[in-house]
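# Chain and residue survey
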Amino acid sequence: MVVISICSGKGGVGKTTVSVNLSVSLSLFGRVLVIDGDIALPNLHTFFGIDDPFISLLDVLKDTSYLKDAIHRMRVKMGNESIGELHILPSSASVKALEEINVENFKEIVDDLRGKYDFVVVDVAAGLSKYAIIPMLISDVSYLVVNPERASIMDSQKVKKIAEISGVRVGGVIVNRYRGEKGMVDYAEKVIGREVVGIIRESKLLRSCCEDGTPVTMKKPSSNVSREFFNLARRIVGDDVKVKPYGKLKYYLG
Ligand SMILES: Nc1ncnc2c1ncn2[C@@H]1O[C@H](COP(=O)(O)OP(=O)(O)OP(=O)(O)O)[C@@H](O)[C@H]1O
Ligand SMILES: [Mg+2]
């Protein structure tokens, strides 16, 4: 089992979007659990169309619920084809609950999952608070999501340093909301010092799927933006895929 954390310096760059669609794409390769590790501001469940979760990661962290009761099971369908099952461990927002939990329990939870999944994807909070650092530290490999802008890339460089000082391997950089900015992919590689393993275009289709609560990789698997997520997953499992946008960059076509 490999535990993959999806991190960033700056907020709002697309970590949850990437975590969701990467998890769907990885389910073509094995058993996947995606965890909402953004325990202060969780929203991963909404991307899957799940209403406020009744039992969540917070209850497991507080030791008031069993892990198995907090996991949602979802059929992965791509168009009309059923691919398999994706498991989702949502979190729920509660300031009071947040005060009661021990974030270090996160490690124990992940240890309990060993052997049950091939991939565990953790959507991590932005920045360097303890809520971001602990979920990142329990992962085997971390990927940094950036937007093609200097500030976003510089902030992720700091996260990379912390990850490496703490012994977490940084597997690469994912450039999200790409609109063909010349030189930004090379700039990200140079500043962060890691390969760009995925380029995801700016996409109106992707945005509307996030709002609808169905991942674009399930709703429109043949769209260019979905193919970019499939290529990212292939790259992460070790296939030798060339990292480039899929077809023409047309925002409205996704
Ligand atoms: N490639 C894209 N094209 C268009 N819109 C996108 C793209 N990626 C993300 N978005 C939109 O950007 C917004 C922020 O995305 P998301 O919630 O995934 O970011 P985040 O990094 O998880 O944010 P936070 O740091 O607050 O957790 C969402 O409305 C999402 O639909
Ligand atoms: Mg998020």
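Values in this document were obtained by computation on a predicted structure and should not be read as measured data.

## Let's talk about the site of ligand 1
Around ligand 1, the structure places 18 residues, and the nearest of them are Gly11, Gly14, Lys15, Thr16 and Thr17. Taken together, the elements giving at least two residues each to the shell around ligand 1 come down to helix H1 (15-26), strand E7 (169-178) and helix H10 (204-212). Here the shell around ligand 1 is composed, by residue class, of five nonpolar, eight polar and five charged.

## Let's talk about the packing of H1 against helix H12 (residues 224-236)
Between H1 and H12, the least distance of the axes is 9 Å, while the angle of their chain directions is 65°. The pairing of H1 with H12 is recorded here as roughly perpendicular in orientation. The chirality of how H1 crosses H12 is right-handed. Mapping the contact onto sequence places Asn21, Leu22, Ser25 and Leu26 in H1 and Phe229, Phe230, Leu232 and Ala233 in H12. Its residues assigned to classes, the contact of H1 with H12 comprises six nonpolar, two polar and no charged.

## Overview of the sheet that holds strand E5 (residues 119-124)
Pairing is mixed in the open sheet, where eight strands are placed in the order E3-E4-E2-E5-E1-E6-E7-E8. A single partner strand is all that each edge strand has here, and the edge strands are strand E3 (72-78) and strand E8 (196-201). Averaged over all adjacent pairs, the angle separating strand axes in this sheet is 25°, with direction ignored. Sheet contacts for H12: E7 and E8; angle to E8, the most-contacted strand, approximately 170°.

## Examining the nonpolar core
Counting 69 residues, the largest nonpolar core has Ile6, Val34, Val120, Val121, Leu144 and Val175 as the members making the most contacts within it. Of all the elements, H12 adds the most residues to this core, at six residues. If we skip the residues at most four places from it in the chain, Leu144 touches Cys7, Ser8, Ser156, Val159, Lys160, Val170, Val173 and Ile192.

## Digging into unusual backbone geometry
One non-glycine residue with positive phi stands out, namely Asp63, at about 70°. With respect to the helices and strands, the residue Asp63 is situated in the loop between helix H3 (57-61) and helix H4 (67-70). Phi is positive for Arg177, which is not a glycine, with a value near 65°. Secondary-structure assignment places Arg177 in strand E7.

## Some thoughts on the environment of Val20
Within the fold, Val20 resides in helix H1. With 103 residues separating them in the primary sequence, Val20 and Asp123 have C-alpha atoms 8.4 Å apart. With residues near it in sequence (within four places) discarded, Val20 still touches Val34, Leu44, Phe47, Phe48 and Pro215.

## Quick notes on the packing of helix H8 (residues 150-165) against helix H9 (residues 184-192)
Running from amino to carboxyl end, H8 crosses H9 at an angle of 30°, the nearest separation of the two axes being 9 Å. Here H9 runs roughly parallel to H8, going by the angle between their axes. The two elements H8 and H9 cross, and the hand of that crossing is right-handed. Seen from H8, the contacting residues are Ile153, Met154, Ser156, Gln157 and Lys160; seen from H9, they are Tyr187, Ala188, Val191 and Ile192.

## What to know about the pairing of E5
Taken residue by residue, a regular strand's side chains alternate between the two faces of the sheet. Of all six residues in E5, six are buried; the element is thus mostly enclosed. Where burial is concerned, the two faces of E5 agree: the one with Phe119, Val121 and Asp123 and the one with Val120, Val122 and Val124 are both buried. The pairing of strand E1 (residues 2-7) with E5 spans five bridges and is classified as parallel. Following the sheet pairing, Ser5 is matched in E5 by Val122. Bridging between strand E2 (residues 32-37) and E5 involves six bridges; their strand directions are parallel. Bridging across to E5, Val34 finds its partner in Val121.

## Observations regarding the pairing of E2
A large share of E2 lies buried, amounting to six of its six residues. With burial as the criterion, each face of E2 is covered, one bearing Val32, Val34 and Asp36 and the other bearing Leu33, Ile35 and Gly37.

## Some points on H9
Every buried residue of H9 is accounted for by Met184, Ala188 and Ile192. Relative to the axis of H9, the buried residues are bounded by an arc of 55° and lie together on one face. For H9, the exposed residues set more than 90 degrees away from the buried face come down to Asp186 and Lys190. Each element contacted by the buried residues of H9 is listed here: strand E6 (141-146), H8, E7 and E8. Just beyond H9, the residue with positive phi is Gly193, at close to 75°.

Thresholds, definitions, all that
Residues numbered from 1 in each chain as written. Chains lettered and ligands numbered in written order. Predicted model: local features only at pLDDT ≥ 70, side-chain atom pairs only at ≥ 80, totals over all residues. Near = placed C-beta within 6 Å. Helix = DSSP H or I, 4+ residues; strand = E, 2+ residues; numbered from the N terminus. Nonpolar A, V, L, I, M, F, W, Y, C, P; charged D, E, K, R; others polar. Axes fitted to C-alpha atoms, helices over the stretch in contact; angles between N-to-C directions. Parallel < 35°, antiparallel > 145°, perpendicular 65-115°, else oblique. Left-handed = near helix turned anticlockwise from the far one by under 90°. Contact = placed C-beta atoms within 7 Å. Pairing = 2+ DSSP bridges. Core = buried A, V, L, I, M, F, W, Y, C linked by C-beta atoms within 7 Å. Buried ≥ 20, exposed ≤ 12 C-beta atoms within 10 Å, placed from the backbone. Arc of directions from axis to C-beta.

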